[in-house]
Amino acid sequence: MKSHTHYLWFNTQQRQEIIDITDEVAASVKASGVLEGMVLVSAMHISASVFVNDHESGLWQDILKWLEETVAPWDPARYRHNETGEDNAAAHLRSLTVGHEVIVPVTEGSLDLGPWQRVFYGEWDGQRKKRVIIKVLGR
């Protein structure tokens, strides 16, 4: 079995951003030489997410609005975690809701995604350095 590891680093300009990382994940698969297997893509921070969805700006706005209005409003006084001096409890809850990793199949040396699927990094507490691990496994 082959394995290949690559890290992506982010230092976003905004506290919340959604970034399409599909091309970087595909490049890691190519670099690995794996023809049949899988790739794990995982945020290595508890206030970020990795997810698969459609690349459409209206959907991104809907996701951000849903997280802010329904899941975890950015209201520091609302959360016990923020009593420790932090203000990012909402980011932790958003990560739990959206998820921190995905596994994508690799078939014939390429990501085996559906027609509209892309891989995204969701930053919920940005403006500082964070990373994502890409781990390709297979033959």
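This section reports on the structure supplied with the text. (Residues numbered from 1 in each chain as written. Predicted model: local features only at pLDDT ≥ 70, side-chain atom pairs only at ≥ 80, totals over all residues. Heavy atoms only, no water.)

Right, let's talk about the nonpolar core for a bit. Grouped together as the largest cluster of nonpolar side chains are 20 residues, with contacts concentrated most on Ile21, Val25, Val39, Val41 and Val119. Those residues within four positions of isoleucine 21 in sequence are excluded, and the remaining contacts are Leu8, Phe10, Val41, Val119, Phe120 and Tyr121. Judged by nonpolar contacts, the second largest core, of eight residues, contains Phe51, Trp60, Ala91 and Trp124. (Core = buried A, V, L, I, M, F, W, Y, C linked by side-chain atoms within 4.5 Å. Buried < 20%, exposed > 50% of the residue type's maximum accessible area, 1.4 Å probe, protein only. Contact = heavy atoms within 4.5 Å.)

Looking now at the packing of aromatic side chains. As enumerated under the stated definition, the model contains three aromatic pairs in all. Here phenylalanine 10 and tyrosine 121 contribute two aromatic rings whose centre-to-centre distance is 4.1 Å and whose plane-to-plane angle is 5°, an arrangement assigned as stacked. With a gap of 111 residues between them, phenylalanine 10 in strand β1 (residues 2-10) and tyrosine 121 in strand β7 (residues 117-123) connect regions that are remote in the sequence. In terms of burial, phenylalanine 10 and tyrosine 121 fall into one category: buried. The side chain of lysine 129 reaches across the aromatic face of tryptophan 9, ending 4.6 Å from its centre. (Phe/Tyr/Trp six-rings, centres within 6.5 Å; stacked < 30°, edge-to-face > 60°. Helix = DSSP H or I, 4+ residues; strand = E, 2+ residues; numbered from the N terminus. Lys NZ or Arg CZ within 6 Å of the ring centre and 35° of its normal.)

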